[in-house]
Amino acid sequence: MSLADLPRQSILNDRHRANGGDLESVSWNNMPLPQTYATDPYVEVEAVRCRAGLFDVSSLQLLNVSGPDATKLLNYVLTSDISKAKPGDSHISNIVNENGGLIDDVLIYVDSPTEYRLSHGAGKLEEAIRALAPKFDVKVERDDDVHVLALQGPLSLEILAPHTPMDLAGLGYFKHGTSTLFGTPVRLARGGYSAELGYEVFCAAKDAHKMWDFILAAGKDKGVIPVSWACLDIVRVEGGLLFFPCEMTNEDTTPWEVKADWTVDLSKPDFIGKKALVEKKGKERTFVAGLEIDHTKAITPGAKITANGKQVGVITSTTYSKHLMKSIALAQIEPAYTKLGTELVVHDGGDWPASVVRMPFYDPLRLRTHPRDKA
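No experiment lies behind these values; they were computed from the predicted model shown.

Rules used in this analysis
Residues numbered from 1 in each chain as written. Predicted model: local features only at pLDDT ≥ 70, side-chain atom pairs only at ≥ 80, totals over all residues. Heavy atoms only, no water. Helix = DSSP H or I, 4+ residues; strand = E, 2+ residues; numbered from the N terminus. Rg over C-alpha atoms; globule rule 2.2 N^0.38 Å. Buried < 20%, exposed > 50% of the residue type's maximum accessible area, 1.4 Å probe, protein only. Contact = heavy atoms within 4.5 Å. Areas by Shrake-Rupley, 256 points an atom, 1.4 Å probe, with all protein chains shown as cover. 1 Å grid on protein atoms, 1.4 Å probe; cavity = no way out; pocket = protein on both sides within 12 Å on 5 of 7 lines; lining within 4 Å. Points joined across faces, edges and corners; volume = space filled by probe spheres on them. Nonpolar A, V, L, I, M, F, W, Y, C, P; charged D, E, K, R; others polar. Pairing = 2+ DSSP bridges. Axes fitted to C-alpha atoms, helices over the stretch in contact; angles between N-to-C directions. Arc of directions from axis to C-beta. Salt bridge = Lys/Arg side-chain N within 4 Å of Asp/Glu carboxyl O. Polar contact = N/O pair within 3.5 Å; in protein donor to acceptor, adjacent residues only side chain to side chain. Phe/Tyr/Trp six-rings, centres within 6.5 Å; stacked < 30°, edge-to-face > 60°.

Novice: Help me out: how do you make sense of the overall build of the chain in this one?
Specialist: For the chain, the count of helices and strands is eight helices and 19 strands. What you see for the chain is a C-alpha radius of gyration of 21 Å, in line with the 21 Å of a compact globule of 375 residues. Across its three principal axes, the chain shows a C-alpha extent of roughly 60 × 50 × 50 Å. The 375 residues of the chain split such that 55% are buried. Within the chain, contacts between residues at least 6 apart in sequence are counted, and of these 65% link residues at least 24 apart. Here the chain has roughly 16,100 Å² of accessible surface; of this, 53% comes from carbon and sulfur atoms.

Next comes the structure, spelled out in structure tokens:
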């Protein structure tokens, strides 16, 4: 089946094709992706790091959960405590199976104590929620109309703020709200997947063309350009941002093993997989760690990692960062070999020396997304 026959299509495909977008090679969540444009992905990275780049991330799956039992249902399904969030908050959570294995990650947008929007990837969140929904007083609706445009980069605020009545400068990290942008009703959220200051624009499909065009026009004099998913993968690896299922390659990978302890609230009375997570805490087989590799190319995901001839891990996500001038990778490594500075060997068409380094690789203090003098 051609990717053009997939059930989900971005209304912006014509814009992607006009930019030389490749929509025939890669899909995600049943939607073709603009994996590359005619521009070099590293040129796009430079735009995101120095100015701003505009991504179409509409292939995220959006699920609306509402009703009197919405909080109760989500608290049973997810690892975090949703009841502690306030309207206007958004936060990352996870869902695990009964064995404590990660089966999806999710970003929850809290609109009210009875209304939530869930943005998730290619895992089993929707399947789990729909299976349990009949036991709760809730309504579960997938939203395939909404389009998500992410303007990411240090100039993103400067570009968007003049065109919305929202106090965008006062919008804290992982906060969101309803407003207008260029006179069109939207939801605006501060966040993204680039390790930069950025904002996500949620709009209806019918408004996506003009929103795309208006944002690029507003940023044209500042060097803003459309950027591809190849660029997104580079900046997210540079930022040490995990991606399901790349860093969760096994069905029994626990949140403890990907250092997502902060997404798990064991004080909740009960949730799916809680018993298993309690039992497995402190018994981690591997941890996610960052590697710098003495190589001039990106390593192949799945490559083996050894120490003194013994396999101690596997590469999960990689890039060659021209911004950092380094070959870098995320990896699953046995705990004893994750101390900073540990020397290892990566095997990928050769034996490449590597060392464990601090993550994120880019902006290790996360000052771009969490400036000390701002929210």
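The discussion continues.
Novice: Would you mind going over empty space enclosed by the protein with me for this structure?
Specialist: Think of a ball as big as a water molecule: rolled over the atoms, this probe shows where empty space is left. Per the stated rule, a full pass over the model turns up one cavity of 30 Å³ or more. For the largest cavity, the full set of lining residues is Leu3, Ala4, Gln9, Asn13, Arg17, Leu23, Glu24 and Pro32. Of the residues assigned to the lining of the largest cavity, the class counts are four nonpolar, two polar and two charged.

Novice: I keep staring at the sheet that holds strand S15 (residues 304-307) and nothing clicks. Help me out?
Specialist: Strands pair in a sheet through their backbones, by hydrogen bonds, and they do so in one of two ways: parallel or antiparallel. Taking strand neighbours around the barrel as the criterion, the six strands line up as S14-S17-S16-S15-S18-S19 in a closed arrangement whose pairing is antiparallel. Ignoring strand direction, the axes of neighbouring strands in this sheet form an average angle of 40°. Packing against the sheet, helix H7 (residues 229-238) makes contact with strand S16 (310-321) and strand S17 (326-333), and its axis sits at approximately 125° to S16.

Novice: Any chance you could explain helix H4 (residues 125-132) here in plain terms?
Specialist: Structural remark: α-helix, 3.6 residues per turn; residues separated by three or four positions point the same way. Buried within H4 are the following residues: Leu125, Glu126, Ala128, Ile129 and Leu132. The arc that holds every buried residue of H4, seen down its axis, measures 165°, which confines them to one face. Exposed and oriented more than 90 degrees from the buried face of H4 are Glu127 and Ala131.

Novice: What is the right way to look at the pattern of salt bridges in this model?
Specialist: For side chains bearing opposite charge, pairing can occur when the charged atoms are close. A complete count under the given rule lists 25 salt bridges for this structure. Across the pair arginine 187 and aspartate 111 runs a salt bridge whose closest N-O atoms are separated by 3.4 Å. Separated by 76 residues along the polypeptide, arginine 187 in strand S11 (residues 184-190) and aspartate 111 in strand S6 (residues 102-112) bring together distant segments of the chain. For lysine 310, the salt bridge identified is with glutamate 334, shortest N-O distance 3.4 Å. Here the residue lysine 310 occupies a position in strand S16, and glutamate 334 occupies one in the loop between S17 and strand S18 (343-347), the gap between them amounting to 24 residues. The exposure class of lysine 310 is partly exposed, given its relative accessible area of 41%. Judged by its relative accessible area of 24%, glutamate 334 is partly exposed. In this structure, a network of salt bridges that share partners links the residues Arg8, Glu126, Arg130, Arg142 and Asp144.

Novice: It is not clear to me how the side chain of arginine 236 should be interpreted in this structure. Could you clarify?
Specialist: Here arginine 236 is to be found in helix H7. Given a relative accessible area of 2%, arginine 236 falls into the buried group. Within the structure, the side chain of arginine 236 is placed 3.1 Å from the side chain of glutamate 247, a separation counted as a polar contact. Ignoring sequence-local partners within four residues, the contact set of arginine 236 consists of Tyr193, Leu241, Leu242, Phe243, Cys246, Glu247, Ser317 and Leu330.

Novice: When you look at the packing of aromatic side chains in this model, what are you seeing that I'm missing?
Specialist: Aromatic ring pairs are described here by two measures, namely the spacing of the ring centres and the angle between the planes. Applying the stated rule across the entire model yields six aromatic pairs. Pairing tyrosine 109 with phenylalanine 202 gives two aromatic rings, centres 5.3 Å apart and planes at 75°, and the pair type is edge-to-face. Here tyrosine 109, found in strand S6, pairs with phenylalanine 202, found in strand S12 (residues 198-203); they are 93 residues apart in sequence, far enough to count as distant. Across this residue pair, the class does not change: tyrosine 109 and phenylalanine 202 are buried. Ring geometry for tyrosine 173 against phenylalanine 174: centres 4.7 Å apart, planes inclined by 35°, an arrangement best described as tilted. Classification of phenylalanine 174 by relative accessible area gives buried; the value is 17%. Among the aromatic side chains, those forming a connected cluster through ring pairs are Trp28, Tyr193, Trp229 and Phe243.

Novice: Help me understand the pairing of strand S4 (residues 61-66), please; the structure alone is not making it clear to me.
Specialist: Among the six residues that make up S4, five are buried, leaving the element largely enclosed by the rest of the structure. Across four bridges, the pairing between S4 and strand S8 (residues 139-142) is antiparallel. Bridge pairing in S8 links serine 66 to lysine 139.

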